[in-house]
Amino acid sequence: MDTTDRHPGTQAIARHFSYAHLPQHLRPISEACHDLAEEMIRRLPDGPELTAGLRKLLEAKDCLVRAALD
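Every value quoted in this text rests on a predicted model; they were computed, and no experiment measured them.

Undergrad: Describe in detail the side chain of Ser-30, supporting the description with residues and values.
TA: Inspection of the secondary structure puts Ser-30 in helix 2 (residues 27–43). The exposure class of Ser-30 is buried, given its relative accessible area of 0%. Setting aside residues up to four positions removed in sequence, Ser-30 forms contacts with Phe-17, Ser-18, Tyr-19, Leu-22, Lys-61 and Val-65.

Undergrad: Help me get a handle on the packing of helix 2 against helix 3 (residues 48–69), residues and values and all.
TA: Helix 3 packs onto helix 2 with a crossing angle of 170 degrees between their chain directions and a minimal axis gap of 9 Å. In terms of orientation, helix 2 and helix 3 fall into the roughly antiparallel class. Seen from helix 2, the contacting residues are Ile-29, Ser-30, Cys-33, Leu-36, Ala-37, Met-40 and Ile-41; seen from helix 3, they are Leu-50, Leu-54, Leu-57, Lys-61, Leu-64, Val-65 and Ala-68. Across the contact of helix 2 with helix 3, the residue classes break down as 12 nonpolar, 1 polar and 1 charged.

Undergrad: Quick one: what's the story with the side chain of Lys-61, residue by residue and with numbers?
TA: Tracing the backbone through its elements, the reader meets Lys-61 in helix 3. Taking relative accessible area as the criterion, Lys-61 reaches 8% and is therefore assigned buried.

Undergrad: How would you summarise the pattern of salt bridges if you had to cite specific residues and measurements?
TA: Within this structure, the stated rule accounts for 4 salt bridges. The closest approach of N and O atoms between Glu-39 and Arg-42, which form a salt bridge, is 2.7 Å. A residue pair is termed a helical-turn pair when its members lie 3 or 4 positions apart in one helix, as Glu-39 and Arg-42 do in helix 2 at 3 residues. Ionic pairing is found between Asp-62 and Lys-61, a salt bridge with its closest N-O pair at 3.5 Å. Look at Asp-62 and you get partly exposed, because its relative accessible area is 31%. Sharing partners across several salt bridges, the network here consists of Glu-39, Arg-42 and Arg-43.

Undergrad: Describe helix 3, with residues and values.
TA: Along its 22 residues, helix 3 runs 32 Å from first to last C-alpha, staying within 8% of the 32 Å computed at 1.5 Å per residue. Those residues of helix 3 not exposed but buried are Leu-50, Ala-52, Leu-54, Leu-57, Leu-58, Lys-61 and Val-65. Looking at the buried positions of helix 3, the neighbouring elements they touch are helix 1 (8–14) and helix 2.

Undergrad: Quick one: what's the story with the nonpolar core, residue by residue and with numbers?
TA: Ranked by size, the top nonpolar core spans 10 residues in total: Ile-13, Ala-14, Phe-17, Cys-33, Ala-37, Ile-41, Leu-50, Leu-54, Leu-57 and Leu-58. Elements that contribute at least two residues to this core include exactly helix 1, helix 2 and helix 3. With 4 residues, the top contributor of residues to this core is helix 3.

The rules behind the values
- Residues numbered from 1 in each chain as written.
- Predicted model: local features only at pLDDT ≥ 70, side-chain atom pairs only at ≥ 80, totals over all residues.
- Heavy atoms only, no water.
- Helix = DSSP H or I, 4+ residues; strand = E, 2+ residues; numbered from the N terminus.
- Buried < 20%, exposed > 50% of the residue type's maximum accessible area, 1.4 Å probe, protein only.
- Contact = heavy atoms within 4.5 Å.
- Axes fitted to C-alpha atoms, helices over the stretch in contact; angles between N-to-C directions.
- Parallel < 35°, antiparallel > 145°, perpendicular 65-115°, else oblique.
- Nonpolar A, V, L, I, M, F, W, Y, C, P; charged D, E, K, R; others polar.
- Salt bridge = Lys/Arg side-chain N within 4 Å of Asp/Glu carboxyl O.
- Expected span 1.5 Å × (residues − 1).
- Core = buried A, V, L, I, M, F, W, Y, C linked by side-chain atoms within 4.5 Å.

The quantities given are spatial measurements derived from coordinates; they are silent on function.
Here's what the structure looks like:
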């Protein structure tokens with residue numbers, strides 16, 4: 001996900017959507033959230049609402065990955 005010219009807040013949260021480090025069976029779940037985050041970063045301007053939306057998506061991703069552990 002290229003965030004080179006984005007606000008530092010957007011850059012900071014975007015890095016948490018990586019999934020290559022996860023075990024293979026968890027990657028598809030995290031990848032879906034990564035792809036949505038990438039799309040929103042591409043379509044929307046930087047600002048507090050984008051940051052809040054990405055933060056909530058990150059929280060959801062964490063919950064969904066944990067659900068796959070059970």
